[in-house]
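# Structural overview for review
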Amino acid sequence: MKILKKYRDVALGIVIGAVLMTLIPVVYASKGELSQVAPFSTDSLWLLKQARVIVEAYQVDAASNDIDESEMVHGAMRGMLGAWKDPYTRFLDPQQLEDEKTSLEGSFGGLGINIASRDGKILVINPIEGTPADKAGLRPMDEIVRVNDDIVIGWDLDKVVKLLRGDPGTEVSVGIRRADTARLIDFKIVRDTIKIETVHAEILSDDVGYIRLRQFIKTSAPDVGKAVIDLKNKKAKGLILDLRNNGGGLLDSARDICDLFIDGGLVVSTKGRVDSANEEFYAHEGVLTQLPLVVLINEGSASASEIVSGALRDRNGTLLIGAKSFGKGSVQVLFNLSDGSGMFVTTARYFTPKGVRIDHVGLSPDIYVKSLWSDEDRDKADSSQGDKGEAEGTGTSNGKTKNGPAEEKSTKDARSRDPQLDKAKETLLRLIAGEKPETLRDPVPELVSSDVSVISADQASDDAAVKGESGDKSSNPDKKSVPGK
């Protein structure tokens with residue numbers, strides 16, 4: 001029986017091959033016409049044809065599973081864009097594109113994390129403060145390995161986002177791989193409607209003004225401006241701008257916030273393959289305040305946060321304090337396709353006023369202070385409070401751990417410590433006292449944070465060539481659109 005099946009399959013293969021061979025003269029007869037409109041060479045199209053015929057003839061479920069041609073075409077397009085190995089150049093089918101627009105324009109149920117794909121890994125850029133992800137204990141640079149029962153290593157970013165989102169009140173299990181931690185850490189998190197307080201401001205001790213910016217939206221610049229005025233009225237002697245765990249947002253907002261502190265001139269430039277992708281963005285003359293200023297950044301500072309940080313350092317000599325930023329500095333343009341699908345294509349990269357490349361590089365701080373996320377630091381916090389036990393546990397939706405009151409107390413104590421903010425305050429007070437910024441910088445710049453792997457140190461780059469197309473641009477540094485492509 002096995003011999004008969006073997007010969008049957010061979011015979012079927014011969015028949016399929018013969019049918020394909022009879023089509024070759026027809027294909028090549030019109031090769032000249034086809035080459036003018038085809039997206040690939042005739043040989044490549046012929047290869048796709050062979051693959052489809054073979055799958056439809058042999059695949060075990062092909063007879064009972066009628067696959068729509070659009071699904072195959074969309075799959076091929078995803079594969080084509082994936083060949084460029086750019087996680088931000090991606091294809092979205094009509095439903096995915098609609099979901100993307102919903103996430104940009106409205107509210108949705110989720111965990112409150114910004115994520116990105118890098119080197120085949122799904123990484124947490126930052127948990128947004130006050131959201132379920134933040135309360136559960138997720139950290140920047142955590143790698144998402146599993147969502148519920150699915151191992152998501154190598155998955156498309158959009159597919160992972162879809163798994164993480166859901167109705168408020170529903171639970172999702174997330175498996176995290178963390179640097180220097182051998183075991184997988186499991187978090188069970190209850191989704192919620194994400195609402196973000198964008199700007200928080202207060203007067204710290206010693207008349208230090210503190211402004212926390214969590215996201216760059218349309219109202220961010222006016223809100224930061226109001227906060228600056230309010231802090232000045234409260235007799236603030238200097239300002240700390242906290243951009244930690246700020247994953248970015250609108251380019252216009254970043255430029256307008258720079259405008260509050262920079263007296264005219266270049267803020268950021270974009271460089272791409274085509275002329276329309278090469279732009280420069282400028283601040284207006286005049287500033288809202290000339291109070292001494294320092295900026296806090298960390299591994300969760302990305303995109304618009306890096307634009308503002310780089311501009312303030314290059315133009316004003318502002319000191320950046322904390323840990324190396326994430327390194328997301330590229331422009332994505334949305335091209336709408338004829339069937340309702342779309343493509344986000346990276347068309348340019350951002351550069352600071354002095355030509356420092358941000359994308360895949362990030363900004364190194366002038367004064368490095370390690371983020372208080374390591375297990376070693378948490379153990380120290382335990383010891384200082386007299387509490388013993390593990391410093392890491394299984395996360396829950398309210399950010400508490402399951403190992404008892406002692407561990408909950410030690411985790412709270414560790415979180416209440418903020419050495420980066422302490423250093424920013426100390427540095428600002430020295431600036432207020434008259435010390436020069438250049439005397440306060442680390443004598444040997446910390447090129448690589450000990451708690452995050454990066455590609456390289458800050459560097460100026462003359463590499464303006466990036467692959468992509470360009471169109472009319474809106475004001476979002478991560479997602480822009482052009483109509484009817």
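It should be emphasised that the depicted structure is a prediction, and the values quoted were computed from it without experimental measurement.

### Observations concerning helix H9 (residues 251-261)
Within H9, eight of the eleven residues are buried, which leaves it mostly tucked inside the rest of the structure. Within H9, the full set of buried residues consists of Leu251, Ser253, Ala254, Ile257, Cys258, Asp259, Leu260 and Phe261.

### Side note on the pattern of salt bridges
Scanning the model with the defined rule gives 21 salt bridges in all. Linking Glu426 and Arg430 is a salt bridge whose minimum nitrogen-to-oxygen distance equals 3.8 Å. Here the residue Glu426 and the residue Arg430 both occupy positions in helix H13 (residues 419-432), the gap between them amounting to four residues, near one helical turn. Judged by relative accessible area, Glu426 falls into the partly exposed class, the value being 37%. A cluster of three or more residues bridged by salt bridges with shared partners is formed by Arg212, Asp242, Arg244 and Asp418.

### Quick word on the packing of helix H8 (residues 220-233) against H9
At their nearest, the axes of H8 and H9 sit 8 Å apart, and the two run at 25 degrees to each other. By the criterion of interaxial angle, the relationship of H8 to H9 is roughly parallel. Taken as a pair, H8 and H9 cross one another with a handedness that is right-handed. Across the interface between the two elements, Ser220, Ala221, Val224, Gly225 and Val228 from H8 touch Ser253, Asp256, Ile257, Leu260 and Phe261 from H9.

### Digging into the nonpolar core
Of all hydrophobic cores here, the largest spans 40 residues; its most connected members are Phe216, Leu241, Ile257, Phe261, Ile307, Val308 and Leu312. Beyond its immediate sequence surroundings of up to four residues, Leu312 is in contact with Leu241, Phe261, Ile262, Leu293, Val295, Gly317 and Thr318. If you look at the next biggest cluster of nonpolar residues, it comprises 20 residues, including Leu111, Ile115, Ile176 and Phe187.

### Focus on the packing of aromatic side chains
Under the definition given, this model contains zero aromatic pairs. Lying over the aromatic face of Phe351, Lys271 brings its terminal NZ or CZ to 4.6 Å of the ring centre. The ring of Tyr88 has Lys328 sitting right over it, with the charged end atom 4.7 Å from the ring centre.

### Digging into the sheet that holds strand S11 (residues 208-213)
Overall, mixed pairing links the six strands, which are arranged S10-S11-S12-S15-S16-S19 in an open sheet. Each of the sheet's edge strands pairs with one partner strand only, and the pair in question is strand S10 (199-204) and strand S19 (367-368). Relative to strand S12 (residues 238-242), S11 is paired through five bridges, and the arrangement is parallel. The partner of Val208 across the bridge, within S12, is Gly238.

### A look at the pairing of strand S7 (residues 171-177)
Working note: regular strand, side chains alternate between the two faces of the sheet. In terms of residue burial, S7 counts as a mostly covered element, since five of its seven residues are buried. With four bridges joining them, strand S5 (residues 143-147) and S7 adopt antiparallel strand pairing. If you follow Ile144 over to S7, its bridge partner there is Ile176. In terms of strand pairing, S7 meets strand S8 (residues 185-190) through six bridges, oriented antiparallel. Note on S8: the bridge partner recorded for Glu171 is Val190.

### Quick notes on the environment of Thr352
Structurally, Thr352 is set in the loop between strand S18 (342-351) and S19. The sequence separation of Thr352 and Asp314 amounts to 38 residues, and the corresponding C-alpha distance is 7.2 Å. Leaving out residues up to four positions away in the same chain, Thr352 has contacts with Gly310, Asp314, Ile358 and Leu363. A polar atom in the side chain of Thr352 sits 2.5 Å from the side chain of Asp314.

### Thoughts on the side chain of Arg357
Tracing the chain through its elements places Arg357 in the loop between S18 and S19. For Arg357, a relative accessible area of 15% corresponds to the buried category. Of the polar contacts made by the side chain of Arg357, one reaches the backbone oxygen of Asp359; its length is 3.1 Å.

### Description of the pairing of strand S14 (residues 279-283)
Here strand S13 (residues 265-272) pairs with S14 via five bridges, running antiparallel. Among the inter-strand pairings, Thr270 is bridged to a residue of S14, identified as Glu279. The hairpin formed by S13 and S14 contains six residues between the paired strands.

The rules behind each value
Residues numbered from 1 in each chain as written. Predicted model: local features only at pLDDT ≥ 70, side-chain atom pairs only at ≥ 80, totals over all residues. Heavy atoms only, no water. Buried < 20%, exposed > 50% of the residue type's maximum accessible area, 1.4 Å probe, protein only. Helix = DSSP H or I, 4+ residues; strand = E, 2+ residues; numbered from the N terminus. Salt bridge = Lys/Arg side-chain N within 4 Å of Asp/Glu carboxyl O. Axes fitted to C-alpha atoms, helices over the stretch in contact; angles between N-to-C directions. Parallel < 35°, antiparallel > 145°, perpendicular 65-115°, else oblique. Left-handed = near helix turned anticlockwise from the far one by under 90°. Contact = heavy atoms within 4.5 Å. Core = buried A, V, L, I, M, F, W, Y, C linked by side-chain atoms within 4.5 Å. Phe/Tyr/Trp six-rings, centres within 6.5 Å; stacked < 30°, edge-to-face > 60°. Lys NZ or Arg CZ within 6 Å of the ring centre and 35° of its normal. Pairing = 2+ DSSP bridges. Polar contact = N/O pair within 3.5 Å; in protein donor to acceptor, adjacent residues only side chain to side chain.

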